[in-house]
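Residue-level structural notes
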Amino acid sequence: MEKVNLSQLVQHCRQNQTLYASPRQWQVLHHIEDCRTEKMGTGQYECHHCGYHWYWHHSCRDRHCPQCQTKANEDWVRKQTERSVPAPYFHIVFTLPHQLNEWISQHDRVIYHALFHSAWQTLNVLAIRKYHGRAGMTAVLHTWGQTLARHVHLHALVPAGVLGTQSWKRVNKLYFLSVKLMSNRFRGLMVGQLREAHKQGELEGVTRHQLTVKLNELMSALWVVYCKSALEYQETLIRYLARYTHRIGLSNHRIQSWDGEHVRLSYKDYRTNTQSQMTLTPEELLRRFLLHVLPKGFMRVRHYGYMSNAIRRKSLLKIREQDTPRPEQDKKEREEKSTQQESPVTGCHCPACGDASAHYIGEVTSNRWKRERLRTG
């Protein structure tokens, strides 16, 4: 039994020609296989603290790669914390029924777009009716469960307040909207979006009869919408969502062992709230992994309402003018924490002394790096 990473499993399946994937999925697999190798190029770095020089292979920076994008995640957490509204938040989850999984395999872009649109319309229309103001939302798409099975759901961070044309109104309740009301409206909007997509010819291969049967089945089922106040764990929730904004929910440390034929994968069993393990072939593990490769250019994180990129700055200024300002001490602590999280120069740690004040000198050729490696042993 030996320890392996995802890149080695990709290489194994590719050499044995036992993996079937679409061109887009193969593109992601090649990125993962080449990540932090000389194929991605090599940079030279210097430590400001001790003067040590070393070479570092570049990462692939693919948002599906399990071994890079760490700094991008940290930057996302910092930006979301800085842009947060000075009010409690609600954590709302919109989940698609598993009956749609077959269609998602063929029309993922269409259904994911419909999910974002339906979730936002559900929140905004109901907020306007009840609170007479526009809602705000930051949504992150998740498509997997702990066992990497397809489980499509949308995590939404919703500030506890609405913004009208003149004023900001805070929602002083333990819930934003009725869960049952949101569930029914979300179901209706999503079914309507699918019907319109079929009318526009976007659900290729789905017949009129299949559409009718599927939509009737969906309308007769109960759709799951989860809502909880995130006042006590707002920053924790942002960090939780950040783990999946730039990568898929499979990290190399979850791959426990490899015996040449089977992979042992760890996962959390939420039914018993314990850590468990399962055994899969490398082909099955990669097949499940590839279920969650997003269409090229698809935006997994989106902002709506007064949290949208176009008007967020003006909206936050208006909200902070009208709402109770945060204590100066809290502001100072957040600034200090943000400064500590940012790397001084590149985020790379020196292999000799461990200092993080590394300086990027420039790109080096492959031959130069190989000569340096032979010289230093």
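Reading the values: the criteria
Within every chain, residues take consecutive numbers counted from 1 along the sequence as written. Local features in a predicted model are, by the rule used here, given only for residues with pLDDT of at least 70; side-chain atom pairs are given and counted only at 80 or more, and totals for whole chains, interfaces and linings are based on all residues. Side-chain metrics in this entry use all non-hydrogen atoms of the structure; hydrogen atoms and water are not considered. For helices the rule is a DSSP run of H or I covering at least 4 residues; for strands it is a run of E covering at least 2, with both sets numbered from the N terminus onward. Burial classes: relative accessible area under 20% of the type maximum marks a residue as buried, over 50% as exposed, and values in between as partly exposed (1.4 Å probe, protein chains only). In summary, the pairing rule links any two rings of Phe, Tyr or Trp, Trp by its six-membered ring, whose centres are within 6.5 Å, and it sorts them by plane angle into stacked for under 30 degrees, edge-to-face for over 60 and tilted for everything else. Definition used in this section: a nonpolar core is a set of buried Ala, Val, Leu, Ile, Met, Phe, Trp, Tyr and Cys residues joined via side-chain atoms within 4.5 Å. Residue contacts are counted whenever heavy atoms from the two residues lie within 4.5 Å of one another. The criterion for strand pairing is that DSSP finds at least two bridges linking the strands in question. Between N-to-C directions, angles cover 0 to 180 degrees, with each direction set by a line fitted to C-alpha atoms, over the stretch in contact for helices. Note: pLDDT gives the predictor's confidence per residue, expressed from 0 to 100. N or O atoms closer than or at 3.5 Å make up a polar contact, with two conditions inside protein: a donor-capable atom paired with an acceptor-capable one, and, for residues adjacent in sequence, both atoms drawn from side chains. Summarising the geometry, the arc corresponds to the directions from the helix axis toward the C-beta atoms.

**With respect to the side chain of S315**
Here S315 is to be found in helix 9 (residues 312-322). Exposure remark for S315: the relative accessible area of 5% places this residue in the buried category.

**Focus on the packing of aromatic side chains**
Scanning the entire structure with this criterion turns up eleven aromatic pairs. Aromatic pair Y45 and W54: ring centres 5.9 Å apart, planes at 20°, arrangement stacked. W54 matches Y45 in its accessibility class, with the two residues each being buried. Geometrically, the ring pair formed by W120 and Y304 is stacked, given 5.4 Å between the ring centres and 20° between the ring planes. Remark: Y304 occurs in strand 12 (residues 301-305) and W120 occurs in helix 4 (residues 101-131); sequence separation between them is 184 residues. Y304 carries the same exposure label as W120, and that label is buried. Of the aromatic side chains, those joined through ring pairs into one cluster are Y45, Y52, W54 and Y360.

**What to know about the nonpolar core**
Counting 48 residues, the largest nonpolar core has I92, F94, L96, L123, L141 and F176 as the members making the most contacts within it. For this core, the elements supplying multiple residues, two or more each, are strand 3 (89-95), helix 4, strand 4 (136-144), strand 5 (150-159), helix 5 (179-199), helix 6 (208-219) and strand 8 (225-229). With residues near it in sequence (within four places) discarded, I92 still touches L123, L154, H155, A156, V158, M182, V225, Y226 and C227. Counting 30 residues, the second largest nonpolar core, distinct from the first, contains L29, I255, L285 and L290.

**A short note on the sheet that holds strand 4**
Across the sheet, five strands lie side by side as 8-3-5-4-12; this open sheet has antiparallel pairing. At either margin of the open sheet sits one strand with a lone partner, and together these are strand 8 and strand 12. Along the sheet, successive strands turn relative to each other by an average axial angle of 20°, direction set aside. Against the sheet, helix 5 contacts strand 3 and strand 8, and its axis sits at roughly 145° relative to strand 8.

**A look at the sheet that holds strand 10 (residues 263-269)**
Within a sheet, neighbouring strands are paired by backbone hydrogen bonds and run either parallel or antiparallel to one another. With antiparallel pairing, three strands are arranged side by side in an open sheet as 9-10-11. The open sheet has two free edges, formed respectively by strand 9 (255-258) and strand 11 (274-280), since each of these has just one partner strand. Here the average twist between neighbouring strands, direction ignored, is 30°. Of the pairings in the sheet, the one linking strand 9 to strand 10 comprises three bridges and is antiparallel in character. Looking at the pairing, S257 lines up with R264 of strand 10. Against the sheet, helix 8 (residues 282-290) engages strand 9, strand 10 and strand 11, with an angle of about 115° to strand 11.

**Description of the confidence of the model for the chain**
Per-residue pLDDT for the chain averages 86, and the proportion of residues at 70 or more is 89%. Segment residues 336-345 is flagged for pLDDT under 50; beyond a separation of four residues in sequence, or across chains, it makes twelve contacts in the model.

**Comments concerning the side chain of H107**
Among the secondary structure elements, H107 is positioned in helix 4. Looking at H107, the relative accessible area reads 10%, which means it is buried. Polar contacts involving the side chain of H107 include one to the main-chain carbonyl oxygen of E204, which spans 3.0 Å. If sequence neighbours within four positions are ignored, H107 has contacts with E202, L203, E204 and V206.

**Let's talk about helix 7 (residues 234-242)**
Buried within helix 7 are the following residues: Q234, L237, I238, L241 and A242. Here the buried residues of helix 7 occupy an arc of 140° about the axis, which is enough to place them on one side.

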